[in-house]
Every structure is written in structure tokens, then in C-alpha cells.
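# Summary of structural features
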Amino acid sequence: MRIINRNDHPASKHEVSIAIQAGGMSTRMGTDKGLLPLGGKPLVQWIIDQTQSMGEDVFMISNQPENYAHFGLPVYSDVLPGIGALGGLLTALTYARNELVFVFACDMPFINRRIMETMLEMAAEADVVIPRLHDPKELEPFRAVYRKTCLAPIEAAIHNGLRRAISFHDQVRVHYFDWDKIQELDPLGTSFFNINTP
């Protein structure tokens, strides 16, 4: 992937895998969110369209893979079913071909490319780069960058009965992409607009 900085000069290249969480349990929505239409196309298609140019390793994660076969990307079911959010991260890192993995939830359809590029730059010295939103305790693990070094800590957290997507953070190098920096690139916060209920 060719990264362009704010002055439009070439910066470093990143080999990054793109893991799209195509639909979880969707208990609040009541149906598979990834297939819901927005502006004439499914939510998951919005993510595909905006990320495929980032690299060749783009795949989806869904426990209903038959629902997503027609999108033309590899679809993987959870390595450990029933684990929830942390299991989704485990699956993403397991199947990714590259050291860096950008994980996207399908229910946040609007992607800001400059935010993505900045986070990938930050990942040079981190195992996790994660947005920290309005409330400092409010993290967004499904628009974050992970390094393969997170695999063993995630497995250990699951083994210890932990399920939160951030349960392993105390075992790795975490860099926060803070809200003030996010607003510089996305003043309206559109890239973190989340679709959870009908």
C-alpha cells in the first residue's frame, strides 16, 4: 500500500491485510447487518469498495459464510465460535497473510482514508492502534490496526475466560488515536457513525 502524507509526498509502504467483520450476532438489529441496504448497496459492500485498493489480502469474517459468498472475497467463520468480539479478532489475525491487519466492522460504513493512513503510520511502533473517542474510556476495536504479535495474548485472554475485545491490551503495545486528532481529519466524526438498530 502506498501511503501519502498530508503534503502529498510519498511516505512508507505498508503490507496490510483487511479483515471485514461482515456480521455478528446483531442482537439489537435483529438481522444480519452486513446485508442491510444503505444507499442502494449492502453495508458490507461499502467497506469492500473503500478498502480493496489498500492491498490484495482482503477477506470477510462471518459465521454465515454462505450469505457472503457472492461478494467475491474469501469468507472465514470464527476459529472459536461463540467467543464474541475477541473471537472475531482472533479469527482476523489467524487468517491474515500480512503482519499488520486493519479490522473493520461492517456497521460503520463511512471510511476516512486519511485516518486509515495515519493509523498505519502509527502502527510502526505498536501492536495495536485503536481510536479513542469522545469518552477516553470509549475505544473502537473494530476500526483498529493489529499486529500478528497480538495472537498469543488474545489466545491467552480467551483461555482465561475473558471476552472483551480489549482484554489483552495490557500484554501488548497499544497506541491510542485520540479524539482531538480524529477531529482534525474528520471534523464531523462521520467515519465512526455506527448503525446498530433499525
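Everything discussed here concerns the structure shown above.
Below is a short write-up of the structure. (Residues numbered from 1 in each chain as written. Predicted model: local features only at pLDDT ≥ 70, side-chain atom pairs only at ≥ 80, totals over all residues. Heavy atoms only, no water.)

Restricting attention to buried positions, one finds in helix H3 (residues 113-122) the residues Ile 115, Met 116, Glu 117, Met 119 and Leu 120. Capping the start of H3, Asn 112 holds a side-chain oxygen 3.0 Å from the backbone nitrogen of Arg 114, two or three residues further along. (Buried < 20%, exposed > 50% of the residue type's maximum accessible area, 1.4 Å probe, protein only. Helix = DSSP H or I, 4+ residues; strand = E, 2+ residues; numbered from the N terminus. Polar contact = N/O pair within 3.5 Å; in protein donor to acceptor, adjacent residues only side chain to side chain.)

A full pass over the atoms with the stated rule returns six salt bridges. For Asp 107, the salt bridge goes to Lys 33, with nearest N and O atoms at 2.6 Å. Residue Asp 107 is found in the loop between strand E8 (100-105) and H3, and its partner Lys 33 is found in the loop between strand E3 (16-23) and strand E4 (37-38); the two are separated by 74 residues along the sequence. Judged by its relative accessible area of 8%, Asp 107 is buried. (Salt bridge = Lys/Arg side-chain N within 4 Å of Asp/Glu carboxyl O.)

A separate point is the packing of helix H2 (residues 85-95) against helix H4 (residues 151-159). Packed helices, taken two at a time, are described by their axes: the angle between them and the distance between them. Across the interface, H2 lies against H4 with an axial gap of 10 Å and an inter-helix angle of 150°. Taken together, the axis directions place H2 and H4 in an arrangement best described as roughly antiparallel. Crossing handedness for the pair H2 and H4: left-handed. Residue-level inspection shows Leu 86, Gly 87, Leu 89, Leu 90, Leu 93 and Thr 94 of H2 in contact with H4, the latter providing Leu 151, Ile 154, Glu 155, Ala 157 and Ile 158. Taken together, the residues of the contact of H2 with H4 break down into eight nonpolar, two polar and one charged. (Axes fitted to C-alpha atoms, helices over the stretch in contact; angles between N-to-C directions. Parallel < 35°, antiparallel > 145°, perpendicular 65-115°, else oblique. Left-handed = near helix turned anticlockwise from the far one by under 90°. Contact = heavy atoms within 4.5 Å. Nonpolar A, V, L, I, M, F, W, Y, C, P; charged D, E, K, R; others polar.)

Before going further, it helps to spend a moment on the environment of Leu 139. Structurally, the position occupied by Leu 139 is in the loop between strand E9 (128-132) and strand E10 (143-147). For Leu 139, a relative accessible area of 19% gives the class buried. Considering only alpha carbons, one finds Leu 139 and Asp 178, 39 residues apart in sequence, at a separation of 9.5 Å. Non-local contacts of Leu 139, meaning those with residues more than four positions away in its chain, are made with Ile 130, Pro 131, Arg 132, Ile 166, His 169 and Tyr 176.

Looking now at the nonpolar core. Val 44, Met 60, Phe 102, Tyr 146, Ile 154 and Phe 168 are the most contacted members of the largest nonpolar core, which totals 62 residues. Looking at this core, the element that brings in the most residues is E8, giving six residues. When sequence neighbours within four positions are dropped, the list of residues in contact with Tyr 146 reads Leu 89, Leu 93, Glu 99, Leu 100, Val 101, Val 103, Asp 127, Val 128, Pro 141 and Phe 168. (Core = buried A, V, L, I, M, F, W, Y, C linked by side-chain atoms within 4.5 Å.)

Our next topic: the pairing of E9. On a regular strand, each side chain points to the face opposite its neighbour's, so the side chains alternate between the two faces of the sheet. In terms of burial, E9 is a largely internal element, four of the five residues being buried. As paired strands, E9 and E10 are joined by two bridges and run antiparallel to one another. Its bridge partner lying in E10, Val 129 is registered against Val 145. As paired elements, E9 and strand E11 (residues 174-178) share five bridges and run parallel to each other. Its bridge partner being in E11, Ile 130 is matched across the sheet by Tyr 176. (Pairing = 2+ DSSP bridges.)

Moving on: the packing of aromatic side chains. Going through the model one piece at a time under the given rule, you end up with seven aromatic pairs. A ring pair is formed by Trp 46 and Phe 110, whose centres lie 5.7 Å apart and whose planes are at 85°; its orientation type is edge-to-face. You can see Trp 46 sitting in helix H1 (residues 43-51) and its partner Phe 110 sitting in the loop between E8 and H3, a full 64 residues away along the chain. Relative accessible area serves as the criterion here: at 27%, Phe 110 is assigned to the partly exposed category. Each ring, one from Tyr 76 and one from Tyr 95, has its centre 3.9 Å from the other, and the planes form 5°; the classification is stacked. In this pair, Tyr 76 sits in strand E7 (residues 75-76) while Tyr 95 sits in helix H2, placing the two residues 19 residues apart along the sequence. Here Tyr 95 falls in the partly exposed class, since its relative accessible area comes to 32%. (Phe/Tyr/Trp six-rings, centres within 6.5 Å; stacked < 30°, edge-to-face > 60°.)

All quantities given are derived from atomic positions and should not be read as evidence of function.
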